[in-house]
Amino acid sequence: MDKREILEALTAPDGEALFAKARVVREKTKGNGVFFRGLVELSSVCDRDCLYCGMRHSNVGAHRYAMRDDEIVACAALARELGFGTVVLQAGECPALWTRERVAGLVRRVKAETGQHVTLSLGERAEADTAAWREAGADRYLLRFETTDRDLFARIHPGAPRDGEHPRLAQLRRMKAQGYEIGGGMMLGLPGQTLESVADDLLMLRELAVDMVGLGPYLAHPDTPLGRDQTPSEVPVSVDFTCRCYALARLLLPRANIPSTTALSTLDPEQGRLRGLASGANVFMPNLTPAAYRADYQIYPDKICVVAPQADSLDALHADLATLGLRQVEG
Ligand code: SAH
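Remember, predicted model here, so these are calculated numbers, not experimental data. (Residues numbered from 1 in each chain as written. Predicted model: local features only at pLDDT ≥ 70, side-chain atom pairs only at ≥ 80, totals over all residues. Heavy atoms only, no water.)

1. Topic: the site of the ligand
Then, in step 1: In the neighbourhood of the ligand, 17 residues make up the surrounding shell, with Ala91, Arg144, Glu146, Arg168 and Leu219 lying closest.
Then, in step 2: Ile299 is positioned with one of its backbone polar atoms (N or O) 3.4 Å from a nitrogen atom of the ligand.
Then, in step 3: Burial of the ligand by the surrounding chains reaches 93%, relative to a free accessible area of 550 Å².
Then, in step 4: For the shell around the ligand, the class distribution of residues is eleven nonpolar, two polar and four charged. (Near = heavy atom within 4 Å. Polar contact = N/O pair within 3.5 Å; in protein donor to acceptor, adjacent residues only side chain to side chain. Areas by Shrake-Rupley, 256 points an atom, 1.4 Å probe, with all protein chains shown as cover. Nonpolar A, V, L, I, M, F, W, Y, C, P; charged D, E, K, R; others polar.)

2. Remarks on the nonpolar core
Then, in step 1: Counting residues in each nonpolar core, the largest one holds 90 residues, and the members touching the most others are Leu120 and Leu202.
Then, in step 2: Per-element tally for this core: the top contributor is helix H9 (residues 239-252), with ten residues.
Then, in step 3: Leave out the neighbours within four places in its chain, and Leu120 touches Leu89, Val103, Val107, Trp133, Ala138, Arg140, Tyr141 and Leu142.
Then, in step 4: Membership of the second largest hydrophobic core comes to seven residues, among which are Phe35, Leu142, Met212 and Val283. (Core = buried A, V, L, I, M, F, W, Y, C linked by side-chain atoms within 4.5 Å. Buried < 20%, exposed > 50% of the residue type's maximum accessible area, 1.4 Å probe, protein only. Helix = DSSP H or I, 4+ residues; strand = E, 2+ residues; numbered from the N terminus. Contact = heavy atoms within 4.5 Å.)

3. Description of the packing of helix H4 (residues 100-114) against helix H5 (residues 127-136)
Each pair of packed helices can be summarised by the angle the axes make with each other and by the distance between the axes.
Then, in step 1: Interhelical geometry of H4 versus H5 gives an angle of 20° and a closest axis separation of 8 Å. Taken as axis vectors, H4 and H5 run roughly parallel relative to one another. For the crossing formed where H4 meets H5, the hand is right-handed. On H5, the residues touching Arg100, Val103, Ala104, Val107 and Arg108 of H4 are Ala128, Asp129, Ala132, Trp133 and Ala136.
Then, in step 2: Classifying every residue of the contact of H4 with H5 gives seven nonpolar, no polar and three charged. (Axes fitted to C-alpha atoms, helices over the stretch in contact; angles between N-to-C directions. Parallel < 35°, antiparallel > 145°, perpendicular 65-115°, else oblique. Left-handed = near helix turned anticlockwise from the far one by under 90°.)

4. Side note on the environment of Ser58
Then, in step 1: Within the secondary structure, Ser58 sits in the loop between strand E1 (33-43) and helix H3 (69-81).
Then, in step 2: Reaching out from Ser58, the side chain makes a polar contact with the side chain of Asp49 at a distance of 2.6 Å.

5. Re the packing of aromatic side chains
Then, in step 1: For the structure on display, the rule yields four aromatic pairs.
Then, in step 2: An aromatic cluster is built from Phe36, Phe84 and Phe284, whose rings are joined through pairwise contacts.
Then, in step 3: Lying over the aromatic face of Tyr180, Arg134 brings its terminal NZ or CZ to 5.8 Å of the ring centre. (Phe/Tyr/Trp six-rings, centres within 6.5 Å; stacked < 30°, edge-to-face > 60°. Lys NZ or Arg CZ within 6 Å of the ring centre and 35° of its normal.)

6. A closer look at the pairing of strand E3 (residues 117-121)
Then, in step 1: Most of E3 is tucked away: four of the five residues are buried.
Then, in step 2: In this structure, strand E2 (residues 86-91) lies alongside E3, joined through five bridges in parallel fashion. Residue pairing across strands places Val87 opposite Val118, the latter belonging to E3.
Then, in step 3: Read as a crossover between parallel neighbours, the route from E2 over H4 to E3 is right-handed.
Then, in step 4: In this structure, E3 lies alongside strand E4 (residues 140-142), joined through two bridges in parallel fashion. By the bridge assignment, Thr119 is partnered in E4 with Arg140.
Then, in step 5: Handedness of the E3-H5-E4 crossover: right-handed. (Pairing = 2+ DSSP bridges. Right-handed = clockwise from strand over helix to strand, strands pointing away.)

7. Considerations on the state of the cysteines
Then, in step 1: Taken as a whole and judged by the stated rule, the model has zero disulfides.
Then, in step 2: Cys245 carries a free sulfur, and the closest cysteine sulfur to it, the one in Cys243, is 9.2 Å from it.
Then, in step 3: A residue is classified by how much of its surface remains accessible, and Cys245, at 0% relative accessible area, is buried. (Disulfide = S-S within 2.5 Å.)

Take a look at the structure:
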């Protein structure tokens, strides 16, 4: 599949044929199993100022919290009880809070006390940090590259270099060499983003040979500079477009683990998650962050697990899966 074919698939009048093709490939590589990953949002403290994110340092209106290690381990124990198999530990970027030693200790504890696989998602970190965490037993690392368009990347990430290697792609390559399963991806519908750059993003997933794909719609946050930016985007913020990207990712990387993301469910609380799974996704990430903290992990507004915690009810999820002939499997 080349760039021209990708662009055609992204802009064809109807996506159904693409979704059907992706379902066939998923069935072949993944059967009817869906992996559940327990998402734990460790803290909303962040040193960075990414223009799109509600947790950006300069957003003085954001309430900040940080979980304690014993609370985090308790969330991982819950993931085990629910038969998930994996926890995803995600946080705003604050190396002073999430020091090399602390995270290494946490990974060891989660693995020893709960037996869960550990996926880290702690943003841009030094090679020595990710090496130490791998040594401590971390299995996977999620780091979206957000966009391969260098100008756009530099515009929305203050302090990022305009040329030379893309910092997030560089880190993903380093972590692959360190033995992690890596997850990359992008946001869809950023102001100024082009369709062509999304095709490049999809091809980049294949070039990196990512094990996991993290992609979802960009949802404007009113208390951020990008949320107020009226620059149009060629890329629609829609369930249909997001699903086309899941389907294309499935065709480009038949074996990848592809979550139907929370942002997609937020865009369409009724149908979003199922449409994601019906277009080739095979992972769901229920939010296991303790209720008291959830509302403060506001990367974008109206996150579905905050406005409707029952949306994460496992019974409802299982019923949804059954309508597609899918079922939860551990892994
Ligand atoms: N600090 C970590 C975790 C950030 S939150 C990191 O940078 O990797 C995880 C993802 O949420 C980001 O990678 C980004 O793609 C997504 N995100 C942030 N703000 C968003 C917004 N306004 N709309 C949609 N997705 C957003």
